[in-house]
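Here's the letter readout for the chains.
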Amino acid sequence: METMMLYAGLARTAAAGHVIAAFLAWNACILPANAQSPSTLNVIDDRGVIVAVPADAKRVASVSYFAADVALALGIKPVAATYMVEGRNPDFLGGYLEGVKQIGQRATPNIELLAEAKPDITIAIRRYTEGNAVQYQKVAPYLAYNLELYADSDRTIGQLATILGKPERGQELNKQFKTDLEAYAAKAPKDVHPRFVVMWGGETPWVFRSENMTAAILVALGGDNIGGQNPTPSVPDNWGLEMSLETMLEKDPEVIFVYDYGPDRPQENNPIWQQLSAVKNGRVHYVGDHWVEAHGPIARELVLKEAAHLLHPDTFPAVDVKAEARKLIPESVK
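Not measured: the values here are computed from a predicted model.

Summing up its helical and strand segments, the chain has 14 helices and 14 strands in all. In the chain, which comprises 334 residues, the proportion classed as buried is 54%. Put simply, of all contacts in the chain between residues at least 6 apart along the chain, 63% involve residues at least 24 apart. Accessible area for the chain stands at about 14100 Å²; split by element, carbon and sulfur atoms hold 52% of it.

Structure (structure tokens):
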């Protein structure tokens, strides 16, 4: 609902309503502690599973960057993390994953390496890990989140901040993003609505709808998403679609954001690619890992700043991602 309002151009109203709804949602997902075990919190994750987690959890394993993002924003260095692309340490986490135990690619983490890190809790993306839930749970309490839509961000940050003993800081982070989103949306040109697409590359690209986190931020900044909204909101997980380059040419985006997954870029081999306005005008941007996993408090702030510049380069300055990230991470981590 909030993202639909964003798409309609009502970013300020949507953000305010979203914060209230999200606050209620994440608190409803943390159940009262068992009187016989006051050191345990009972948490409902996105599988609908009740998971008992330590009330004083501090050793966080991050399967995907989301938990590492939240932990660092709270002043906690994770004990283990996966990667998106092997050997690529993401700038949006300020370089603070250097020295953190690497346990594999986010879709195929090594359970034995995870166990060696001795986490108090493992936070993961649901679609990659749910099939191995039993193995994860043997290592440490395991929570799985969907992390696709704009609506997933505030509630998961709030819940994880509560689990890690810093609920007020979680609320502050969500409030700050709401304020920043409003400010950037207000400053964006009102008479310019660049057509854009956010996509995974491929012979037939995968394009994200406006409910997706990164696409929603771009829409709030005045962009016109050629992927459109989910035409069937009642159908879960319908947040993207395959789009042929022929169809993309018909919609002709002026700005293209491609998730950078390495040097293999098959869409560039198709002659249609060269006919797109964004390609002709040099407005194809291969964006970093924070654009893929934009739900954390650090990632979404940096996507907002970068997206504003890339959509409206005459209005917003370019961004030094690593330097900006370090401003968002407390001294206790450094």
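There's plenty left to go through after this.
Right, let's get into the pattern of salt bridges. On inspection of all chains with the given rule, the structure shows 15 salt bridges. Residue Arg-47 is joined to Asp-45 by a salt bridge in which the shortest nitrogen-to-oxygen separation is 2.7 Å. Residue Arg-47 is classed as buried on the basis of its relative accessible area of 18%. What makes Asp-45 buried here is its relative accessible area of 4%. Arg-300 is the partner of Asp-154 in a salt bridge, and the nearest nitrogen-oxygen pair spans 2.8 Å. Remark: Arg-300 occurs in helix α13 (residues 297-311) and Asp-154 occurs in helix α7 (residues 151-163); sequence separation between them is 146 residues. Taken as a pair, Asp-154 and Arg-300 share a single burial class, namely buried. Linked through salt bridges whose partners overlap, the residues forming this network are Asp-46, Asp-152 and Arg-155.

To continue, consider the sheet that holds strand β6 (residues 101-105). One open sheet holds the five strands; their spatial order is β6-β5-β4-β7-β8, and the pairing between them is parallel. The open sheet terminates on both sides in strands that have one partner only, identified here as β6 and β8 (142-145). Neighbour-to-neighbour, the strand axes of the sheet open up by a mean angle of 20 degrees, direction not taken into account. Of the strand pairs in this sheet, strand β4 (residues 60-63) and strand β5 (residues 80-83) are connected by two bridges, and their pairing is parallel. Within the sheet, the bridge partner assigned to Ala-61 lies in β5 and is Ala-80. Each of β7 (121-125) and β8 touches α7; the most contacted strand, β8, lies at about 165 degrees to it.

This next bit is on the pairing of strand β14 (residues 284-287). Remember that side chains alternate between the two faces of the sheet whenever the strand is regular. The two faces of β14 differ: His-285 and Val-287 on one face are buried, but Val-284 and Tyr-286 on the other face are not. In this sheet, β14 lies alongside strand β13 (residues 255-259) in parallel orientation, the contact comprising four bridges. Looking across to β14, one finds that Ile-256 is bridged to Val-284.

On to the packing of helix α3 (residues 66-73) against α13, then. Viewed as axis vectors pointing N to C, α3 and α13 meet at an angle of 95 degrees, and their least axial separation amounts to 7 Å. Accordingly, the angle class assigned to the pair α3 and α13 is roughly perpendicular. Where α3 approaches α13, its residues Asp-69, Val-70, Leu-72 and Ala-73 are matched on the opposing element by Pro-297, Ile-298 and Ala-299. Split by residue class, the contact of α3 with α13 holds six nonpolar, no polar and one charged.

For the rest of this paragraph, the subject is the nonpolar core. Within the largest apolar cluster, 75 residues are counted, with the highest numbers of intra-cluster contacts made by Ile-123, Leu-143, Phe-257, Trp-291 and Ile-298. In terms of residue count, the dominant contributor to this core is α13 (nine residues). With residues up to four places along the chain from it excluded, the contact list for Phe-257 reads Phe-196, Val-197, Val-198, Met-199, Leu-218, His-285, Val-287, Trp-291, Leu-310 and Leu-311. Residues Val-197, Met-243, Val-258 and Trp-273 belong to the second largest nonpolar core, which totals 14 residues.

Relative to the assigned elements, Glu-242 resides in strand β12 (residues 240-242). Sequence spacing of Glu-242 and Gly-202 is 40 residues, and the spatial spacing of their C-alpha atoms is 9.8 Å. Excluding anything up to four places from it in sequence, Glu-242 contacts Thr-204, Pro-205 and Trp-206.

A word on unusual backbone geometry. Of note in the backbone geometry, Ser-64 takes a positive phi value of approximately 100 degrees without being a glycine. By the secondary structure assignment, Ser-64 is in the loop between β4 and α3. Within the chain, Leu-147 stands out as a residue other than glycine whose phi angle is a positive 50 degrees. Along the chain, the position of Leu-147 falls in the loop between β8 and α7.

Attention shifts here to α3. Count 3.6 residues to each turn of an α-helix, and residues three or four apart come out pointing the same way. With respect to burial, α3 is a largely interior element, eight of its eight residues being buried. Listing the buried residues of α3 in full gives Phe-66, Ala-67, Ala-68, Asp-69, Val-70, Ala-71, Leu-72 and Ala-73. Of the surrounding elements, those touching the buried residues of α3 are β4, β7, α7, α8 (167-187), α13 and α14 (321-328). Positive backbone phi, approximately 90 degrees, marks Gly-75, located one or two places after α3.

Criteria and cut-off values
Residues numbered from 1 in each chain as written. Predicted model: local features only at pLDDT ≥ 70, side-chain atom pairs only at ≥ 80, totals over all residues. Heavy atoms only, no water. Helix = DSSP H or I, 4+ residues; strand = E, 2+ residues; numbered from the N terminus. Buried < 20%, exposed > 50% of the residue type's maximum accessible area, 1.4 Å probe, protein only. Contact = heavy atoms within 4.5 Å. Areas by Shrake-Rupley, 256 points an atom, 1.4 Å probe, with all protein chains shown as cover. Salt bridge = Lys/Arg side-chain N within 4 Å of Asp/Glu carboxyl O. Pairing = 2+ DSSP bridges. Axes fitted to C-alpha atoms, helices over the stretch in contact; angles between N-to-C directions. Parallel < 35°, antiparallel > 145°, perpendicular 65-115°, else oblique. Nonpolar A, V, L, I, M, F, W, Y, C, P; charged D, E, K, R; others polar. Core = buried A, V, L, I, M, F, W, Y, C linked by side-chain atoms within 4.5 Å.

So, to be careful, I would describe these as geometric facts and stop short of saying anything about function.
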